Amino acid sequence: MRLPFVKRAATFAHGIHPAYHKETGSLPIRRLPFAPRLIVPLSQHIGKAAVCCVSVGQEVLRGQVIATADGFVSLPVHAPATGVVEAIGLMPAANGKMVDSVTIRVYEADGQQILVSEPRDIDALDKKQLLAAIQQTGISGLGGATFPAHVKLSVPPDVVIDTMVVNGAECEPFLTCDHRIMVERTQDLLRGIRIAMKVSGAPRTVIGVEDNKPDAIAAIRAALPADGSITVQALETKYPQGAEDTIIYALLGREIPAGQRPASIGVLVNNVMTLAYLGRLLPAGEGIVERVLTVAGPGVQKPGNYIVPIGTPLRFLLEQVGARSNASEVILGGPMMGMTISSLDVPVTKGTSGVLAFGKAQVAEETPRVYPCIKCGECLNVCPKFLNPSQLGLLAAKREYAVMAESFNLDRCFECGCCSYVCPSHIPLVQQFRIAKAVNRERAAA
Amino acid sequence: MSMELRTSPHQISDRSVERIMLHVVLALLPISAFSVWQYGLSALALLFTVTATCLFTERLLNRAAGQASTLNDWSATITGILLALTLPPAFPLWMGVVAGFVAIAIGKALFGGLGHNVFNPALIGRAFVQAAFPVAITTWVPPFAPQRFTEFIPSTLTLPFMLPNDVSAWIASASVDGFTGATPLARWKFEHFVYPLQDMLTGSAGASSGETSAVLILLCGLYLAVRKFMDWRIPVAVIGSAALVAWSFHYYDAIAFPPVHLVLLSGGLMLGALFMATDMATSPVTPLGVWIYGAVIGVVTVMIRYFGGLTEGVMYAILLGNALTPFIDQYTQPRVFGTRQQGAKK
């Protein structure tokens, strides 16, 4: 418990304090071997899918472009391993849909070095050349948003960015890959920050890190440049500290006007993982072929942070870390906002920040009994957007979806899960809100 | 392996309706025990009878509606205990059965059960018997009567549909000096007698079973507030607004209006503020709303006492607050993030 009148770490109003389970935060990043087959989807980002430029039976080298970007809001895809293209076609993806993917049979005993690269002197490049180079790395938002990095960094000429916020909050329970990146790849991170500042024109950067990662804060502080343009700020450990709205509010005291982007208040937000990979890959001229992610949860015997090639099937990944036989719920991302998958044949993609395996014992043996709303009001006390989830839930039960959007700001909800987390009646509020939004979208389209 | 598909969040807290309600029951136990200590067998029988009636009614109506039993959510138990605590200790048991039945059947089940009721069920039960049995509900006996553990107060065992048996002989044999059969508020209203502060804090004044010891009620409420099973803002608003109004009147005319402690510590204000106004289902959910709701209850309570015909008033003030709750919620919706005027900080 904190004492009153003592300066606290920066924070936002409301939110929750779930059990954090950050045990893997002290484990160094380790590398996993190649799976015998890698399934590489052509669309791992928001925007148009990449266009495949290899054919079945063709040999590909680790790092080689196997699909090119289709226009500006698109990203290329690189071969994660050396091998032979075995198939090109529809394969299951994490969201349950079938997506175009390239299946590569990996050559056994192949090395981990990147075979195709194009090193460049980034200081010699201007903004436009830098943006093109960033697109060629294939980096999307690695925190899970998967928005192409070069698009996010392309600031329109009429917009002035005064501050870049670097999101190192990592507020989701269990996930610690951002933590390890900040500790182990601090120089990559700072190089990435400088590149992003140059491209976006942001004169200063604030790195926000939750105060349950003091080693990350110390590592970054030790590496900061002397000119003061980049600072690091401790944030209170509270969920959802790492959401765009909340981290900007915590660090800068500014609210993003409802329905607008951070750029409207002169702010650009990037995830530490995205910037660390940018700082690592751009000077080397490599494409993103692997990423660091957290594998954890009670269903995993060897939890930790692993470097996993893009396209690694989850079944192989879980075998490598010793999944327990009772693990029945596998979540991509964190437990608060991640999604469960229906098949272990889906691959790791650029946006996969964590793979959590929960066993039956953890997922409550019987679904807790749902009671009517007793109007305790706790959901209002935790909603970081100051919505009224109680009222929204009552309306959802009556299928008053239009009223939810028009009178109770349904569209401001970003599904952080705080209301469902605290609800003593175990009403599936977030699920109801998702359904309401989907129905409203369909009605609007019709 | 078989895969389970669920939507996020996949991690939830250990809060549950059963847990909240069970802790309210636990917090009511010391108050109940104290009332039995004060009033003996009759208070115990009343507590038991009213609570059992509430549980029985709830189960009966579950069955009639073809629902699974809702007894295990503990809410009917809370209604029963609270209702018993607001009744005079000498209240005939058969009237207690009526009160318990009305509380659950009309106050709760008729609206659709837990969470759907507009009014606090215990207070609906009490309001009904107050109208139906005006004499019985204002018949007070002294606490700590020496024979309280060996014999019932005569009115307790009144036969169903009969008028209460006379208690004056029992009060006389209790030989408690100066007991007039009136509560501190009534004695002020009709005699301008100021009860000593200490007696009111510790429960030596005559009143309903569970309303007498302000200290005990505050401690039990504090437990719930600290464990976050109760919204502390409501009792603070109720007691604060009542104190402010009472102080203003007393300051204006110290002869006509009673001192603040008499207002706060009598007539079930403490029990009402901490355990009945805070009923989640019938109080507002918005942060501003709970303050308004609490203030309305506090002010209306004092107004009823000063200018109405009743000597008390907490019950009607809370019922009025309950009725206003949907209205208060509607007009105090929180300001959504991102709709503030820009540029306030840094």
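Anyway, here's the lowdown on the structure attached to this text. (Residues numbered from 1 in each chain as written. Chains lettered and ligands numbered in written order. Predicted model: local features only at pLDDT ≥ 70, side-chain atom pairs only at ≥ 80, totals over all residues. Heavy atoms only, no water.)

**Let's talk about the sheet that holds strand E5 (residues 65–68) of chain A**
- Overall, antiparallel pairing links the 3 strands, which are arranged E3-E5-E6 (chain A) in an open sheet. Both outer strands of the open sheet, strand E3 (51–52) and strand E6 (77–78) of chain A, are each paired with one neighbouring strand and no more. (Pairing = 2+ DSSP bridges. Helix = DSSP H or I, 4+ residues; strand = E, 2+ residues; numbered from the N terminus.)

**With respect to the nonpolar core**
- One finds Leu28, Phe91 and Phe275 of chain B to be the most contacted residues of the largest nonpolar core, which totals 82 residues.
- For this core, the leading source of residues is helix H1 (residues 17–39) of chain B, giving 9 residues.
- Excluding residues within four positions of it along the chain, Leu28 of chain B makes contact with Ile78, Ile81, Leu82, Leu85 and Phe275 of chain B.
- Counting residues in hydrophobic clusters, the runner-up holds 45 residues, among them Ala133, Ile134, Met164 and Ile195 of chain A. (Core = buried A, V, L, I, M, F, W, Y, C linked by side-chain atoms within 4.5 Å. Buried < 20%, exposed > 50% of the residue type's maximum accessible area, 1.4 Å probe, protein only. Contact = heavy atoms within 4.5 Å.)

**Topic: the interface of chain A and chain B**
- Across the contact, 66 residues belong to chain A and 44 residues belong to chain B.
- Contact between chain A and chain B buries roughly 4,800 Å² in total, counting both sides, with carbon and sulfur atoms accounting for 54%.
- The three residues of chain A that bury the most area against chain B are Glu255, Tyr371 and Ile374 of chain A, which together make up 15% of that side's buried surface.
- Remark: the boundary between chain A and chain B carries 1 salt bridge.
- Where Arg335 of chain B meets Glu255 of chain A, a salt bridge forms, and the shortest distance between an N and an O atom there is 3.0 Å.
- Taken together, the links from chain A to chain B amount to 18 residue pairs in polar contact (both at pLDDT 80 or more). (Buried area = accessible area lost by both parts, 1.4 Å probe. Salt bridge = Lys/Arg side-chain N within 4 Å of Asp/Glu carboxyl O. Polar contact = N/O pair within 3.5 Å; in protein donor to acceptor, adjacent residues only side chain to side chain.)

**Thoughts on the sheet that holds strand E11 (residues 230–235) of chain A**
Residues and elements named next belong to chain A.
- Read across the open sheet, the 4 strands follow the order E11-E10-E9-E12; overall the sheet is parallel. The sheet terminates laterally at E11 and strand E12 (267–271), the two strands that pair on one side only. Sheet twist, expressed as the mean angle between neighbouring strand axes with direction ignored, is 25 degrees.
- As judged from the 5 bridges shared by strand E9 (residues 163–168) and E12, these two strands associate in the parallel manner. Looking at E12, one finds that Val166 is bridged to Asn270. (Axes fitted to C-alpha atoms, helices over the stretch in contact; angles between N-to-C directions.)

**As for a nonpolar patch on the surface**
Residue and element names in this part refer to chain B.
- A surface patch of nonpolar side chains, about 360 Å² in accessible area, is lined by Ile106, Leu110, Phe111 and Val118.
- Looking at where Val118 falls in the secondary structure, it is placed in the loop between helix H4 (93–105) and helix H5 (121–132).
- Assessed through its relative accessible area of 31%, Val118 is described here as partly exposed. (Patch = residues over 30% accessible without salt bridge, like charges linked within 9 Å, V, L, I, M, F, W, Y side chains within 5 Å. Areas by Shrake-Rupley, 256 points an atom, 1.4 Å probe, with all protein chains shown as cover.)

**Brief notes about the pairing of strand E8 (residues 98–106) of chain A**
Residue and element names in this part refer to chain A.
- Of the pairings in the sheet, the one linking strand E2 (residues 37–41) to E8 comprises 5 bridges and is antiparallel in character. Within E8, the position partnered with Pro41 by the bridge is Ser101.
- By the bridge criterion, 9 bridges tie strand E7 (residues 83–92) to E8 in an arrangement that is antiparallel. Note that in E8 the partner of Met91 across the bridge is Val99.
- Hairpin connection, E7 to E8: the antiparallel pair is bridged by 5 residues, and Gly96 has positive phi, about 95 degrees.

**Focus on the packing of aromatic side chains**
- For the coordinates displayed, the defined rule picks out 16 aromatic pairs over all chains.
- Centroid distance Phe174 of chain A to Phe358 of chain A: 5.4 Å. Interplanar angle 55 degrees. Geometry classified as tilted. One end of the pair, Phe174 of chain A, is in the loop between E9 and helix H3 (177–184); the other, Phe358 of chain A, is in strand E17 (residues 354–359), with 184 residues separating them in the sequence.
- Accessibility expressed as a relative area gives 7% for Phe174 of chain A, which makes it buried.
- Taking the relative accessible area as the measure of exposure, Phe358 of chain A reaches 5% and is therefore buried.
- Their ring planes at 55 degrees and their centres at 5.0 Å tell us that Phe327 of chain B and Tyr331 of chain B sit as a pair that is tilted. (Phe/Tyr/Trp six-rings, centres within 6.5 Å; stacked < 30°, edge-to-face > 60°.)

**Structural notes on the environment of Gln391 of chain A**
All names here are of chain A.
- Summarising the element assignment, Gln391 is placed in helix H10 (residues 389–397).
- Since its relative accessible area comes to 24%, Gln391 is described here as partly exposed.
- Distance in space between the C-alpha atoms of Gln391 and Glu442 is 23 Å, their sequence separation being 51 residues.

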